[in-house]
Amino acid sequence: MKNVFLTMMIVFVYGTNLSAQWNPQHPSWTDSYKANGFCWCDTTFDHNLDSKKVTINGTAYGVREICDELKKHPQYRRYRNGDAPYNDIQCGNGPANDAPDEAGCPGRTDLGSSGCQEKGPGWDMNWLKNRARFGANNGGNNTGGVVTFKGQSINKFISSENGGRSMTATRNGSGIWEKFTVQNAGNGTVSIKGSHGKYVSSENGNKAMNCNRNGVGIWEKFTLVSQGGNVYAIRGSNGKYVSHENGGANGITCNRNDIGVWEKFIINGLSNQTRQYQDQEELVVFCCFIS
């Protein structure tokens, strides 16, 4: 018992001394804070923090990319007075930057040296794992994994253009702007979301389609009409079909009355789990989730 007591004292003294060598100050030492039950970034990415990686869905991503995505979280808000501030990027849970104080004192910066080893909550990893940006392959909140849309007759991918201009079907390969997620929008319809977190709009067929909507309204709902295999036509809420316009630079539209060769798309990434709906006199295959 005496040896156990001495060992405990040594550990206690060592831990106290380790923390005591640092005297953290808020806000200059703060890289994150606790709010709404999660950890949020508040950092300048100094001391090579920008180069640190965290693994999500088996792939290592930079902390800057993760912090940018967390700003889209439904519970995110900016720092307010009274929020618990932390020295490292994830409320004491790492990774630390290259400055020695973050490894030695990753915790609370508003409590002085006594808060050095106090950890808060982590990032919402479950939410991050279900983000298309991080290679999600299973849906959360009816959100699927990554899919691509390719014009069958032209072999070109649809691009969201990152919401900066009208969507096009001009890409030879699929980069981040050519990747989307599909969500159940109810009543046999889906919504389509770009990798930047904005939704695709049919624009009611009045102009070229865009991927710049913050939420899902009537113009952001579509029906996927099976053409066999992984080929689909995409019908907007206006009853018109999406056309890739033969890869024209003016963008894709949702204004076709019928399905022709320009209105057929190869959708890669849809799961084999489907539900069938009878839509007037045609059989519609609605893909509920992504795998």
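Everything below is about the structure shown above.
Quantities reported herein were computed from a predicted structural model and do not represent experimental measurements. (Residues numbered from 1 in each chain as written. Predicted model: local features only at pLDDT ≥ 70, side-chain atom pairs only at ≥ 80, totals over all residues. Heavy atoms only, no water.)

**Let's talk about the state of the cysteines**
- On inspection of all chains with the given rule, the structure shows three disulfides.
- Shown here is the disulfide that connects C39 with C91, its sulfur atoms set 2.2 Å apart. Measuring the twist about the S-S bond at about 95°, one finds the C39-C91 disulfide to be right-handed. You can see C39 sitting in strand β2 (residues 38-41) and its partner C91 sitting in the loop between β5 (85-86) and α3 (100-104), a full 52 residues away along the chain. (Disulfide = S-S within 2.5 Å. Helix = DSSP H or I, 4+ residues; strand = E, 2+ residues; numbered from the N terminus.)

**A closer look at the environment of A35**
- Following the sequence through the fold, A35 ends up in strand β1 (residues 32-35).
- Taking the C-alpha atoms as reference points, A35 and Y79, separated by 44 residues in sequence, lie 7.7 Å from one another.
- Excluding anything up to four places from it in sequence, A35 contacts W40, R77 and D83. (Contact = heavy atoms within 4.5 Å.)

**Quick look at the sheet that holds β5**
- Here three strands make up an open sheet; going across it, the order is β2-β1-β5 and the pairing antiparallel. Strand pairing shows two members of the sheet lacking a second neighbour, β2 and β5, which therefore form its edges.
- Strand direction decides the pairing type here: β1 and β5, joined by two bridges, are antiparallel. Each bridged residue has a counterpart across the sheet, and for S32 the counterpart in β5 is Y86. (Pairing = 2+ DSSP bridges.)

**A closer look at the pattern of salt bridges**
- On inspection of all chains with the given rule, the structure shows 13 salt bridges.
- Of the charged contacts, one joins E69 and K72 as a salt bridge, the two residues approaching to 3.3 Å between their closest N and O atoms.
- A relative accessible area of 2% means that E69 is categorised as buried.
- On the basis of relative accessibility, which here comes to 33%, the residue K72 falls in the partly exposed class.
- With a closest N to O distance of 2.9 Å, E203 and R213 form a salt bridge. With E203 in the loop between β11 (199-201) and β12 (210-213) and R213 in strand β12, the pair connects residues that are 10 residues apart, well separated along the chain. (Salt bridge = Lys/Arg side-chain N within 4 Å of Asp/Glu carboxyl O. Buried < 20%, exposed > 50% of the residue type's maximum accessible area, 1.4 Å probe, protein only.)

**Quick word on unusual backbone geometry**
- In this structure, the amide linkage connecting H26 to the following residue, P27, adopts the cis form with an omega of 10°.
- Tracing the backbone shows P27 in the loop between α1 (2-20) and β1.
- Here G94 and P95 are connected by a cis peptide whose omega angle stands at 5°.
- Its identity as a non-glycine residue notwithstanding, C91 has a phi of 50°, on the positive side.
- What makes C91 buried here is its relative accessible area of 0%.
- With a phi angle near 55°, E245 is a residue other than glycine that sits in the positive phi range.
- Here E245 is to be found in the loop between β15 (241-243) and β16 (253-256).

Just distances and angles here, no functional claims.
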